[in-house]
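Read off the chains here:
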Amino acid sequence: MQIRRKQTLQNLLNELLATEISYVSGLKNCIEYYLKPLEVDTTMSQEDIKIIFSDIQMISSFHFSFLPKFEQAVKNFKQLSVIADIFDELVYFLKSYTQYIRQFQTSSDKLVLLMKNVAFANKMISIKQSTNPPLLDLNAYLIMPVQRIPRYVLLIKELIKNASDDTDKVGLSKCLEKMQKFADFLNEQKRTAERVNDYLILTSQIVGLPKNFEEIIITPELHGKFTVTKNTKLQKWRSMTIFVLNVCLIFTNFRSKLLASTTGFQYQYQKYILLSDLIQRPSTTANDLEMVLLSKSKPSFRLVIRFKDQKQITDFTEFVTATTIRKNSIAIARK
C-alpha cells in the first residue's frame, strides 16, 4: 500500500512538472511567434497589443525562471514538504496575475473584433501555419494563465489526498488554502471586470444619462437586466427595462425601432435610484406579480411595476438583495 501511494505521488508530481513545462512552452510560443512579430507589424496598433497581451511577458519570464526549481524538486522527490515550499514561493508571485485576469475579457473581446479585419485574420493564419506542427490559435495561448491557477489547486488537492505524513498534509493544506483564496480572488476580479465591461456596452445604448452620472455612481458594474411593465399616471401599463447595477437601478423606456436603428441608442433614460435608498413593497392590488418601488430619500420616488411571472419577480428581488449586501461593495459618492 505504501509503495502504491508513493508511486501515485510520483505520478502526480510528474504530471505537475509535465503540465508546467507545457505551460512555459505555450507562453514562449505566444510571445515568440505572435507578440514579437505583431509589435513590428502594421496590422495591429501598439494600444491593441497592450490590451490583448497585457502582462503575459512578465508571467512568462517568471515561470521560465521558476521551472528549474520545479524540475529539481520533482526529480529528487523525497518529501512533500519541499513541494509545499515551492508552492509557497509560487503563490507569492501569482499576485502579478491580477491585472492579466482582470483584463482578460477585454482582451478576448478586442481579439474577436480584430479578427473581423481580413488583413489581421490572414496574419493570424500565416503565423499559425509558420511552424511544423502548426501553432495553436492566439486565443488558446492567451487563456493559458487563466486556466493555470485552477490547475494548481486541483493538483495540490490530489497531493494532499495521497500524502501519508501528517506534517506533509498540514504544509500542503496551508498552500491549498492560500492558492484557493487567491484563485477565488482572481475569479471575482474577472467577474468584476466583465460587469464593468457590460456596463460600458450598456451606456452606449442609453440616451439621456446625466452628464455627471459616473461622478455620482463610482465604478458602476452591470449585474442584471429586467424587462417589466410600469403603471403610468393614466393607469396604462407600458413596457420598460430596469438595469441592476452594483450601486443603483437605472429605469429606461424602449425607443422606437426607427430611432434605435438610426441613432444606435435602444433605451431612453428615465431615472436612477441608489440601492441604499430603495424600498421594495408588495402592491396593494390582488395581483401578486406587482411590486412598488419607493425611495427613502428626497426627491420622493414611487413606481408600480408588473413582472411577467413569479420567477422574474423572485430573480429581481434576489438580484437586488444580493447586490446590495455584496461584500467589498464600491463606495458611493452621494449627491
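Everything here concerns the structure above.
Worth saying up front: this structure is predicted, and the values here are computed from it rather than measured.

A. Just the overall build of the protein, in detail. A count of helical and extended segments in the protein gives 12 helices and eight strands. Against the compact-globule benchmark of 20 Å for 335 residues, the protein has a radius of gyration of 26 Å, which places it well outside the compact range. Seen along its three principal axes, the alpha-carbon backbone of the protein occupies a region of about 80 × 55 × 35 Å. Out of the 335 residues belonging to the protein, those deemed buried represent 43%. Sequence separation of at least 24 residues holds for 63% of the intrachain contacts in the protein that already meet a minimum separation of 6.

B. A look at the side chain of Thr-241. Within the secondary structure layout, Thr-241 lies in strand β3 (residues 237-245). Judged by its relative accessible area of 0%, Thr-241 falls in the buried class. Excluding its chain neighbours within four sequence positions, the residues that come into contact with Thr-241 are Lys-225, Phe-226, Thr-227, Ile-250, Phe-251, Thr-252, Phe-254 and Tyr-267.

C. The packing of helix α3 (residues 56-75) against helix α4 (residues 80-93), seen in detail. Orientation of α3 relative to α4, taken along the N-to-C sense of each, is 175 degrees, at an axis distance of 11 Å. The orientation of α3 with respect to α4, classified from their angle, is roughly antiparallel. Of the residues in α4, those in contact with Met-58, Ile-59, Phe-62, His-63, Phe-66, Lys-69, Phe-70 and Ala-73 of α3 are Val-82, Ile-83, Ile-86, Glu-89, Leu-90 and Phe-93. In terms of residue class, the contact of α3 with α4 is made up of 11 nonpolar, one polar and two charged.

D. Geometry of the packing of α4 against helix α9 (residues 166-203). α9 packs onto α4 with a crossing angle of 15 degrees between their chain directions and a minimal axis gap of 9 Å. Put simply, α4 runs roughly parallel to α9. The crossing of α4 and α9 is left-handed. In contact with Leu-80, Ser-81, Ala-84, Phe-87, Asp-88, Leu-90 and Val-91 of α4, α9 contributes Asp-168, Gly-171, Leu-172, Cys-175, Lys-178 and Met-179.

E. Spatial organisation of the pattern of salt bridges. For the coordinates displayed, the defined rule picks out 10 salt bridges. A salt bridge links Asp-41 to Lys-123; the shortest N-O distance between them is 3.2 Å. Of this pair, Asp-41 sits in the loop between α1 (2-39) and α2 (46-53) while Lys-123 sits in helix α6 (residues 118-128), placing them 82 residues apart in sequence. With a relative accessible area of 23%, Lys-123 lands in the partly exposed category.

Rules and cut-offs
Numbering of residues begins from 1 in every chain and follows the order in which that chain's sequence is written. Local features in a predicted model are, by the rule used here, given only for residues with pLDDT of at least 70; side-chain atom pairs are given and counted only at 80 or more, and totals for whole chains, interfaces and linings are based on all residues. Heavy atoms from the whole structure form the basis of all side-chain values; hydrogens and water molecules are not counted. Strands are runs of DSSP state E lasting at least two residues, helices are runs of H or I lasting at least four, and both sets are numbered from the N terminus onward. Note on method: radius of gyration uses C-alpha positions; expected globular size equals 2.2 Å times residues raised to 0.38. The buried label applies to any residue whose accessible area, calculated with a 1.4 Å probe on protein chains only, is under 20% of its type's maximum; exposed applies above 50%, and partly exposed to all values in between. Whether two residues are in contact is decided by their heavy atoms: any pair within 4.5 Å suffices. Angles run from 0 to 180 degrees between N-to-C directions of axes, and those axes are lines fitted to C-alpha atoms, restricted for helices to the stretch in contact. Working rule for angles: under 35 degrees goes down as roughly parallel, over 145 as roughly antiparallel, 65 to 115 as roughly perpendicular, anything else as oblique. Think of it as three bins: nonpolar holds Ala, Val, Leu, Ile, Met, Phe, Trp, Tyr, Cys and Pro, charged holds Asp, Glu, Lys and Arg, and polar takes everything else, Gly as well. Whether a crossing is left-handed or right-handed is set by the direction in which the near helix is turned from the far one by less than a right angle, anticlockwise for left-handed and clockwise for right-handed. The term salt bridge refers to a pairing of a side-chain nitrogen on Lys or Arg with a carboxyl oxygen on Asp or Glu at a separation within 4 Å.

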